[in-house]
Each structure stands twice: as C-alpha cells, then as structure tokens.
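Structure assessment
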Amino acid sequence: MWAIPDREFGLFDGLVDLDCIELGCGTGYVSAWLLRAGARCVVGLDNSPAQLATAAAVRDERGVRLPLVHADAEQVPLRSGSFDLAISEYGAAIWCDPYRWIPEAARLLRPGGRLIFLANSVLLMLCVNDYETEPTTATLQRPQRDMHRFDWPDDDGIEFHVGHGEMLGILRSAGFEVEALHELYRTPGATTSYPWADPEWCDRWPSEELWVARRK
C-alpha cells in the first residue's frame, strides 16, 4: 500500500531456478515480478475469470511464459510438492479461509519451500469502520475474540482475518515454521487512494503485515 521497496525485506532474492505459484494472482503483476527476479517457472492462480483475462492479455502482450489457472486457492488442481515458493499479495491471504488455503499452500510446496503473504494488519481490522469511505479510527470497532469472517455491509465480498496467535497455530498445524512477521507502517510522504487508510493512523499503527514461513 505504501510503496515500501523490497530491498528492506529481500523477498525476491534467491529466486533463480525456483518454481513459484501466486495464489490469487489478479492481473499477475506479482507473478511478473517473480519472473523478473529469475524464477524458473511461475504459475498464476485466481478464482476470477475477469482478472485472469486481464493477466492473459498483459502476458501475451509482453511475450512472457506465465501459465494461468482458474481455481480457488482453497482447492488447487495441481500436484503436491510442485513448488518452491507460494506467494499471496492480498489475494488468497484475505479472500480465502486460512484454515483451508494455508494447508493447501503447504501441500503444494516442497520441503523447505517458502510461503509469503501480505494482508491487512490485525489492528487495522479491529479499528476500521464498516464502510470503506470512512477513515480508520483510533477506537476499536469490533472484538478480536472469534475474529475470522468479515461480511461488509457495503460490499458483497467476504474477507477472512484472524489474530496473530490463531495465525501462528494455523501455520504450525500446516507444517510451517514462521521466519518473520513484518508490521508495515506508512512510508513518510506516501499517499494512497484508499479512503479508509488515514495517513495519521497509518503513521502510528501498522496497516499491513507481511508473513514469511517455511515448510518443514
């Protein structure tokens, strides 16, 4: 959200000759970054035909090799142990149930493979208003207890968010070891088009979180 450069995390280092999958690829720009970083193979998966159509058009225009799969990240029609890296920039990270998509990501990865996912922070989800046109407040808007499925009154989309302790349990149960949890704040001077992302709030508290885990 805040254009933080990857050099702060090194997520795209060491991708040469690795097989990667993006879970919830949308238009495929993260998949393109993986290819540019030297990945041997990248597969983009998404449940939206419209998003995949855009990804295919851009792929064909650029002449890159990017297989696209129309499927739900909770049930991927690909062989177990096919990839070295699974990544989700939002995508599956918020649109799929973590109790289903994270074990599925573990199934797709080879031993030692990494899972990287970026999503809204837990604190943001506790403080954000029900309506996206309103800025996030400094007051809790909902309880953390039983936090899981979010149905928004002004949107048909369903999101999934859980607390850190619960997420650690999900990852460990799926066979992952957590290597890092980066809590991301607004880059000084950065702007965003999201009306709920109040700059002052995002200076004080993390608006996004970036998880890095490795399959045992």
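Refer to the preceding data block for the structure.
To keep things clear, this report deals only with the structure shown in the data block. Quantities reported herein were computed from a predicted structural model and do not represent experimental measurements.

1. Remarks on the packing of aromatic side chains
Tallying each qualifying case throughout the model produces 7 aromatic pairs. Judged by centre distance (5.4 Å) and plane angle (85°), the ring pair of W101 and F117 falls under edge-to-face. Here the residue W101 occupies a position in helix α4 (residues 98-108), and F117 occupies one in strand β5 (residues 109-120), the gap between them amounting to 16 residues. Taking relative accessible area as the criterion, F117 reaches 2% and is therefore assigned buried. Consider the rings of W201 and W205, whose centres lie 5.3 Å apart with planes at 50°: the pair is tilted. Residue classification places W201 among the buried residues on the basis of a relative accessible area of 3%.

2. Section: the packing of α4 against helix α6 (residues 164-173)
Direction vectors running N to C along α4 and α6 enclose 40°, while the axes themselves pass 9 Å from each other. As summarised for this structure, α4 and α6 are arranged oblique, according to the angle between their axes. In this structure, α4 meets α6 at a crossing whose hand is right-handed. Packed against α4, whose contacting residues are P98, Y99 and I102, the element α6 presents E166, M167, I170 and L171 at the interface. When the residues that make up the contact of α4 with α6 are grouped by side-chain class, the tally is 6 nonpolar, no polar and 1 charged.

3. A look at the layout of surface pockets
Gaps left between atoms show up when a probe the size of a water molecule is rolled over them. Of the volumes computed, that of the largest pocket is approximately 890 Å³. Taken together, 38 residues make up the lining of the largest pocket; nearest its centre are E89, Y90, G91, I94 and W95. Mapped by element, the contributors of at least two residues to the lining of the largest pocket are β1 (19-23), β2 (41-46), α3 (92-95), β5 and α5 (122-127). The leading source of residues in the lining of the largest pocket is α3, at 3 residues. Residue composition of the lining of the largest pocket, by class: 19 nonpolar, 10 polar and 9 charged. Computed from the structure, the second largest pocket encloses a volume of approximately 450 Å³. I4, F12, W33, E89 and L118 are, among the 21 residues lining the second largest pocket, the residues nearest its centre. Where the lining of the second largest pocket is concerned, the elements lending two or more residues are α1 (29-36), β4 (83-89), β5 and β9 (208-215). Broken down by class, the residue content of the lining of the second largest pocket amounts to 17 nonpolar, 1 polar and 3 charged.

4. So, the sheet that holds β2
Overall, mixed pairing links the 7 strands, which are arranged β3-β2-β1-β4-β5-β9-β8 in an open sheet. Each of the sheet's edge strands pairs with one partner strand only, and the pair in question is β3 (68-70) and β8 (176-184). Going across the sheet, the axis of each strand differs from the next one's by a mean of 15°, ignoring polarity. Direction of pairing for β4 relative to β5: parallel, over a ladder of 6 bridges. Across the sheet, the residue bridging to L85 is R114, located in β5. Where α1 meets the sheet, it contacts β1, β2 and β4, and its direction lies at approximately 140° from that of β4. Sitting on the sheet, helix α2 (residues 49-62) touches β2 and β3, and the angle it makes with β3 is about 170°.

5. Some words on α2
Here α2 contains 14 residues, and its C-alpha end-to-end distance of 20 Å stays within 8% of the 20 Å for a straight helix at 1.5 Å per residue. All of the buried residues along α2 are L52, A55 and A56. One side of α2 carries all its buried residues, which in axial view fall inside an arc of 100°. Turned more than 90 degrees away from the buried face of α2, the exposed residues are A50 and E61.

6. Observations regarding α4
In an α-helix, one full turn covers 3.6 residues, which means residues spaced three or four apart are oriented alike. Of the residues making up α4, those classed as buried are P98, W101, I102, E104, A105, A106 and L108. One side-chain oxygen of the residue at the start of α4 lies 2.9 Å from the amide nitrogen of Y99, identifying that residue as D97.

Reading the values: the criteria
Residues numbered from 1 in each chain as written. Predicted model: local features only at pLDDT ≥ 70, side-chain atom pairs only at ≥ 80, totals over all residues. Heavy atoms only, no water. Phe/Tyr/Trp six-rings, centres within 6.5 Å; stacked < 30°, edge-to-face > 60°. Helix = DSSP H or I, 4+ residues; strand = E, 2+ residues; numbered from the N terminus. Buried < 20%, exposed > 50% of the residue type's maximum accessible area, 1.4 Å probe, protein only. Axes fitted to C-alpha atoms, helices over the stretch in contact; angles between N-to-C directions. Parallel < 35°, antiparallel > 145°, perpendicular 65-115°, else oblique. Left-handed = near helix turned anticlockwise from the far one by under 90°. Contact = heavy atoms within 4.5 Å. Nonpolar A, V, L, I, M, F, W, Y, C, P; charged D, E, K, R; others polar. 1 Å grid on protein atoms, 1.4 Å probe; cavity = no way out; pocket = protein on both sides within 12 Å on 5 of 7 lines; lining within 4 Å. Points joined across faces, edges and corners; volume = space filled by probe spheres on them. Pairing = 2+ DSSP bridges. Expected span 1.5 Å × (residues − 1). Arc of directions from axis to C-beta. Polar contact = N/O pair within 3.5 Å; in protein donor to acceptor, adjacent residues only side chain to side chain.

Nothing here speaks to function; it is geometry throughout.
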